[in-house]
Structure formats: C-alpha cells, structure tokens
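Topology and contacts: notes
So the chains spell out like this:
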Amino acid sequence: MAQIPNLDNSPLNLKSLREQSLRDLVKILKDIRGKKCLVVEPKLGGTLSLIIQTSLLKEYGIELRHLSAESVQTDCSKVVYLVPSQRDLMKSISSHVHDDISKGLQREYFIYFVPRREVQCERILEEEKVHHLITIGEYPLYLVPLDEDILSFELDLAYNQCQVDGDTGSLWHIAKAIHKLESTFGVIPNVRTKGKASGIVSDILDRMHTEEPMNSPDMALSEINTLILIDREVDMVTPMCSQLTYEGLLDEFLRINNGSVELDSTIMGVQQEGKKMKVPLNSSDKLFKEIRDLNFEVVVQVLKQKATSMKEDYTEITTASQTVSELKDFVKKLNSLPEMTRHINLAQHLSTFTSKPSFLAKLDMEHTIIEASSYDICFEYIEEMIHKQEPLVNLLRLLILFSVTNSGLPKKQFDYLRQALFTLYGFEHMATLNNLEKAGLFKKQESKSNWLTVKRALQLVVEDTDTANPDDIAYVFSGYAPLSIRLVHNAVRSGWRPMEEILKLLPGPHTETKRAGFTSSPSFGILQGASNGLDKIADGRRSLVLVVFIGGITFAEIAALRFLSAQEGMASDLIIGTTKIVNGHSLVETFFETFG
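Residues numbered from 1 in each chain as written. Predicted model: local features only at pLDDT ≥ 70, side-chain atom pairs only at ≥ 80, totals over all residues. Heavy atoms only, no water.

- Per an unreviewed UniProt entry, the chain carries the name Vacuolar protein-sorting-associated protein 33-like protein and comes from Hibiscus syriacus.
- UniProt lists a comment for the chain under the heading Sequence similarities (unreviewed entry), and it reads "Belongs to the STXBP/unc-18/SEC1 family." (UniProt positions renumbered as here; feature names shortened; annotations may be inferred.)

1. Some words on the overall build of the chain
- Each helix and strand in the chain was counted, giving 23 helices and 16 strands.
- When the 596 residues of the chain are sorted by exposure, 53% land in the buried category.
- Of the contacts made within the chain by residues no fewer than 6 positions apart, 77% connect residues no fewer than 24 positions apart.
- For the chain, the exposed area adds up to about 26800 Å²; of that, 50% sits on carbon and sulfur atoms. (Helix = DSSP H or I, 4+ residues; strand = E, 2+ residues; numbered from the N terminus. Buried < 20%, exposed > 50% of the residue type's maximum accessible area, 1.4 Å probe, protein only. Contact = heavy atoms within 4.5 Å. Areas by Shrake-Rupley, 256 points an atom, 1.4 Å probe, with all protein chains shown as cover.)

2. A few points about the sheet that holds strand 2 (residues 62-66)
- Taken in spatial order, the five strands line up as 2-1-3-4-5 in an open sheet, and their pairing is parallel. The strands lining the two open edges of the sheet, one partner per strand, are strand 2 and strand 5 (134-138). For this sheet, the mean angle separating the axes of adjacent strands, direction not counted, is 20°.
- Alignment of strand 3 (residues 78-84) against strand 4 (residues 108-114), held across seven bridges, turns out to be parallel. Each residue of the ladder has a partner; that of Leu82, found in strand 4, is Tyr112.
- Lying on the sheet, helix 1 (residues 14-31) is in contact with strand 1 (36-40), strand 2, strand 3, strand 4 and strand 5; it crosses strand 1 at an angle near 135°.
- Seen against the sheet, helix 4 (residues 87-102) touches strand 3 and strand 4 and runs at an angle of roughly 170° to strand 3. (Pairing = 2+ DSSP bridges. Axes fitted to C-alpha atoms, helices over the stretch in contact; angles between N-to-C directions.)

3. Focus: the packing of helix 15 (residues 375-387) against helix 17 (residues 411-425)
- It is the contact of helix 15 with helix 17, at a shortest axis distance of 9 Å, that shows an interaxial angle of 15°. Overall, the two elements helix 15 and helix 17 adopt an arrangement that is roughly parallel. The interaxial crossing formed by helix 15 with helix 17 has left-handed handedness. Residue-level contacts link Tyr375, Phe379, Ile382, Glu383, Met385, Ile386 and His387 of helix 15 to Gln413, Tyr416, Leu417, Ala420, Leu421, Leu424 and Tyr425 of helix 17.
- When grouped by side-chain class, the residues that make up the contact of helix 15 with helix 17 number eleven nonpolar, two polar and one charged. (Parallel < 35°, antiparallel > 145°, perpendicular 65-115°, else oblique. Left-handed = near helix turned anticlockwise from the far one by under 90°. Nonpolar A, V, L, I, M, F, W, Y, C, P; charged D, E, K, R; others polar.)

4. Quick word on the pattern of salt bridges
- Counted according to the given criterion, the structure contains 37 salt bridges.
- Across the salt bridge formed by Glu63 and Lys35, the nearest N and O atoms sit 3.8 Å from each other. With Glu63 in strand 2 and Lys35 in the loop between helix 1 and strand 1, the pair connects residues that are 28 residues apart, well separated along the chain.
- Across the pair Arg107 and Asp100 runs a salt bridge whose closest N-O atoms are separated by 3.0 Å.
- Residue classification places Arg107 among the buried positions, given a relative accessible area of 14%.
- By relative accessible area, Asp100 is classed as buried at 3%. (Salt bridge = Lys/Arg side-chain N within 4 Å of Asp/Glu carboxyl O.)

Put into structure tokens, the structure is as follows:
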C-alpha cells in the first residue's frame, strides 16, 4: 500500500495542494539540466515522501542522498541541496564544498531553502567563503496534507520557540500557509482565535491581505467558512494525558512519523531477525480508517469479531455449496486479509504495553490529577517516581500535568521536587527545568488554580463513559473530554460570546472577527454568538471549518474532532491544520536541553 495518502474523499481539494507542491519540486529539478544528485535533509525527506514517490525521482535520473556530515559520494557534476532554513546545516554544506575543492572535484552547487531563504543562513555561507559558488533558490512548501482532513505546517519546535525563546518566526510561516490556502480556496470570512500566538497569526494574516490583496471575483466566495486558531498553551492538560484511541496509542508507543510506524519485522509476523519495516497508516487502509479513532479496548473487540466472521465464512464455504455471488463476496473479504493481519499484529503488540500494571497505574494517576481532589496522593506518587528514577520524560509529563492543573506548586514543594530532580537525575537537567519554568509548565504557584471551575463549567470529566457506543468526546481518554475540543465545539456551534467568562480563565486573549467585503459560499450570518450560526447554510450543504492548532495536536484530539463532525446536530465538516502532530513525550522532549 502506498505511503502517499489517498485524498479523494477530503472535504476540501487537498489533492490540488499536493499536486502543486509536486509540480513546484519537479520544475526546480527539471530546470537544472543534466544528471544531478539531490541531497535532502533527513527529516524533510520524510515530509517529501508524502508528496513524491522515490521512483519518480529515479525516472528523472536523479540520485537521492540524505544530508549528513559526510561528503556527498556521487558521480554527478550537479549537487542540489534541499534543506530547511537552519543555520547549523550551512556548516555541513560548506564543509562538503570545501572537501570537493580539496579533492579537485568540479561541481555546480544549488541550495533550495524550504520554505524560504533566510539572510542568516546566507551570511554563514559568505563567512565560509562558498556563497559565490552556490546558486540559491526557494521551494515554498508551507503545508503538507497528512490525510484527508489533516494539514501539517511541519514546524516541530513552534511551541518551544514561542514559549521559551520568544521567537515568533513560526507564526509568520503559519500565516503564510493559511494565506496560500486562501489564494486557492478563497478568503476565509470569519476568524476566531484563542491564545496570544493565535492572535499574532490573525494579525499577520490581515497584514498579508492588505499587502497582497486578493481581488479576483472568486476570492469573495470562500470554500472555508470559518478559521479557528487555538494555541497549544491554552490546553496543556490534554497532551500530557495518555491517549487511548488506537491511533493515539500507536503514536504513544511506536511514534507515527509521516503517516507510518517503523518496527521490527517480527512484530508483523515476518521472520527476519533485526530487520525493520515501515507500516503505512492512513485512510487509504479501509480497516484503519474504520478503527483508528476508536478507543483501543473496542478495537480489540472489533478485530476479534471480524476474524471470527471470516473464520465462519471459511467454514461455510468449505462445507456447503455456494452460489457464484456468495463466492465473490467471500473473495472480497479475503482481499481485506492483509489489512486484518496487519492490525491484529499491531494491536497484539500494543496490548503488551497497555496490559502492564505500570501503565494502568499511570492512567489512574492521570485521572486523579484531572479530578483535582487528592493533591497529597498525586504529590507522593510523583515523589516516588523521582526516587525510583523513572525515565525523565515520563516523570516530567506527569509533573507538568500536576503543575498545570494546580497553576504551579507551592514554593516549598516546588523547591523540594526541583532539588530532588537535580540530586537524582543530575544538574545537567537544570536547563530543561528552566525551559519548563519559562513556558509556565512547572512553576511556583502565584495564584489560585482555575482548573476546578473550568473542569465543571465545560464538563471535562464524564462519569461512566461508554467507549463502545460513545455519546461524548470523553471516550478518547476513557472519561476525560479534551479541554481544547470542548472549546472548538463551542466556537463552531455558537462562537466565543456565550463562554467568555470561562475563556478569561484560560491563557491568552480571544478574538472573534468578521472580515469586511467577503462572504462564505453560500452566505450566512454568524459571529454574534447566535446559536448554531455555522450550521445555518441556505442550500443545506455542510459548512467547512478550518481548525488550526499552534503548537501541535494529538491523535486523540483529532479523533474527538472527527467524532464531533460526524454527530447529527453538527452540520460542519472540519479540516485540521497543525504545526505538528504531537504527544506528551514529543512535546516534553522539545524542552530538553542539557548542560555539559
């Protein structure tokens, strides 16, 4: 099965975006005549695998290499570097050029920056005395469709850069990506934001409209009715919780990268010791599309039922005479056997993690912290984790959850835990803890926590959640409804106004604007807090809402958004935009920095 996702069923023509990105890349490569070697930064290479098949590069006679400190080994006289605008990469490229010169190799060099060139990078090339030997260009890849309803801006460090470094460069990138979407699908007439970064993106977007007005008559009719921008900072509780959907757990334990997981082939039933294999995970896999957003305990039952049904059909087909039509139906089922086998193997592997007492104890503790009713029990649990020297990322994830729900810890306990961390994990982690403190994720308590008020007002804890037949988004965490998705649901349904008092208790400002001179297609009136404003579409067609998470979104939150979109009372399709798909581990790791 192809790793490139099938986008045919997308509510928006995401296929056209991907095809444009492919055309842009092919044009760059075709314009450089002759045999060439394409050197791609490894992470960017993963992103490109969602746009172009490696076989296509071979058809154009292009050698493919990944950028490393080692010199490029190729017979090609033209070397094309495709890299993000990162200063550290310029040193590697410069050393490659110097190395070639010292060997007497005569080559032409090209650097294409993704998504745009930056002065600081070119300055390093000048300092290294290679700038004059390199032709420089841009590959404007601002967003990549990950699946039918997900767009990624591929900005891994956006949250850390904004919260710790005060670097807002990623916000310009997000605004530019949305602006590019609008140039294809029309200017989005309604914008709602929550969080400081979201407000900045909205302002940059307005400035872009002023500087580059879209005057075509088509631009006045937008395919997207509303843009909702939300900062990850507004809800740091949700990503610190263990996701319990199938896709969420796959990401927690196996790390989904560019729509696939890499694991030992033996897990997938292929007896080749030590060999790794990539398993693609996207909506092109019909079974995965059906089960990806279900709570994992339900997935196990669904797979069991399907396997039993197939076994019964096989017994029937071998013991009774069948019509041609019945045989045809059975063969159709057999075609899904590879998918069944794949997900049974994956589910079996996940069960080795989810059945562990340590995992179940962690889930209990997460729920206890969210309930906010047993402070001492939670504090002692974290204290015990430190003394047992459990993996630092596991400890920090729970510590952040505890600190955020309590608006920090009293000074005495904060100092005590901090000192215990240094003593048992080493002072080299001081920078990491400083980063978390700067981001407000592990800090001294300065004011009373609002968590209980927010939890009750938005009904974040749902008792007796039915995970098999859910009627609430809380099924994705078996009883906790993600705060972020409760906010999005309200924003889609009735705007910010009815919940302004709750919004004031959460980080960052909120805004609600209607852009003058633009209407959605077909037009409707909203943004006055009117109930079901987004759902009132003149000709009965579903409205389209773009929900953008600045700082990352988890697969469990994506599942909750899909669940909402499928509900009877919700007449809106949702497209999700995100700086990156994250989980608690990957978010915490962006703050890691060691001394020494």
